[in-house]
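Residues per chain are reported as follows:
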Amino acid sequence: MFEIDAVKNPTFCENIGYLAKLFLDHKNVYDDTSPFLYYVMTENDDEGQHMVGYFSKEKESQKGWNLSCILILPFHQRKGYGKFLITFSYELSLIEKKPGGPETPLSDLGRASYVSWWTQRIIDYIRKHKHEQFTIADITRETCIVEKDIIETLVRVYLFVE
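Computed from a prediction, not measured in an experiment: that's the story for all the values here.

A. Just the packing of helix H2 (residues 81-96) against helix H3 (residues 108-128), in detail. It is the contact of H2 with H3, at a shortest axis distance of 10 Å, that shows an interaxial angle of 60°. Compared by their axis directions, H2 and H3 come out oblique. H2 and H3 meet at a crossing whose hand is right-handed. Side by side, H2 and H3 meet where Lys 83, Ile 86, Thr 87, Ser 89 and Tyr 90 of the first sit next to Ser 113, Tyr 114, Ser 116, Trp 117, Trp 118 and Arg 121 of the second.

Right under this line is the structure:
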């Protein structure tokens, strides 16, 4: 995993945005990538490092977004890399002590990935604290998932179970 600052590597970051545009219909490509950090994931083999995907993140998000764009190259999908990058974005939120979430609106595939990820994290939290009282705010503090996303996920799970 590499962290790339768009201020220091503007051409690379602009090009990675163009690459994402090839696979994501809703992707906006910005001329000024300087407000973003890019986290590039690679697979390593005898021939070197090969990009499998990335996510971008605003350095200072006014809306609390911890991930702006995520792309796993099509031939590397279904390997768990997307969930890994989502997890990584929330780990960064925990380090920063800033609850966050993805930039919206989400694509259908993005929403499905996030709902699955949020559901698993919330279930993990509930199992860990099953003999304690807790609030949504407590879940947010430990997971950095914003309260709105926790509530929407709990409602989805409840409606699915019924």
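B. Broad picture of the sheet that holds strand E2 (residues 36-45). Strand order in the open sheet formed by four strands is E1-E2-E3-E5, with antiparallel pairing between adjacent strands. Looking at strand neighbours, the two that pair on one side only are strand E1 (2-5) and strand E5 (69-72), the edges of this open sheet. On average, each strand axis in the sheet is inclined to that of its neighbour by 25°, with strand direction left out of account. Examined bridge by bridge, strand E3 (residues 48-58) and E5 share four bridges and lie antiparallel to one another. Bridge assignment links Tyr 54 to a residue of E5, and that residue is Leu 71. Together, E1, E2, E3 and E5 form the strand contacts of helix H1 (residues 10-23), whose direction differs from that of E3 by roughly 90°.

C. Seen up close, the state of the cysteines. Under the counting rule described, the total for this entry stands at zero disulfides. Not engaged in a disulfide, the cysteine Cys 69 finds its nearest cysteine sulfur in Cys 13; these two sulfurs lie 12 Å apart.

D. Inspection of unusual backbone geometry at higher detail. Pro 105 follows Thr 104 through a cis peptide bond whose omega is 5°. As for its placement among the helices and strands, Pro 105 is situated in the loop between strand E6 (101-102) and H3.

Thresholds applied
- Residues numbered from 1 in each chain as written.
- Predicted model: local features only at pLDDT ≥ 70, side-chain atom pairs only at ≥ 80, totals over all residues.
- Heavy atoms only, no water.
- Axes fitted to C-alpha atoms, helices over the stretch in contact; angles between N-to-C directions.
- Helix = DSSP H or I, 4+ residues; strand = E, 2+ residues; numbered from the N terminus.
- Parallel < 35°, antiparallel > 145°, perpendicular 65-115°, else oblique.
- Left-handed = near helix turned anticlockwise from the far one by under 90°.
- Contact = heavy atoms within 4.5 Å.
- Pairing = 2+ DSSP bridges.
- Disulfide = S-S within 2.5 Å.

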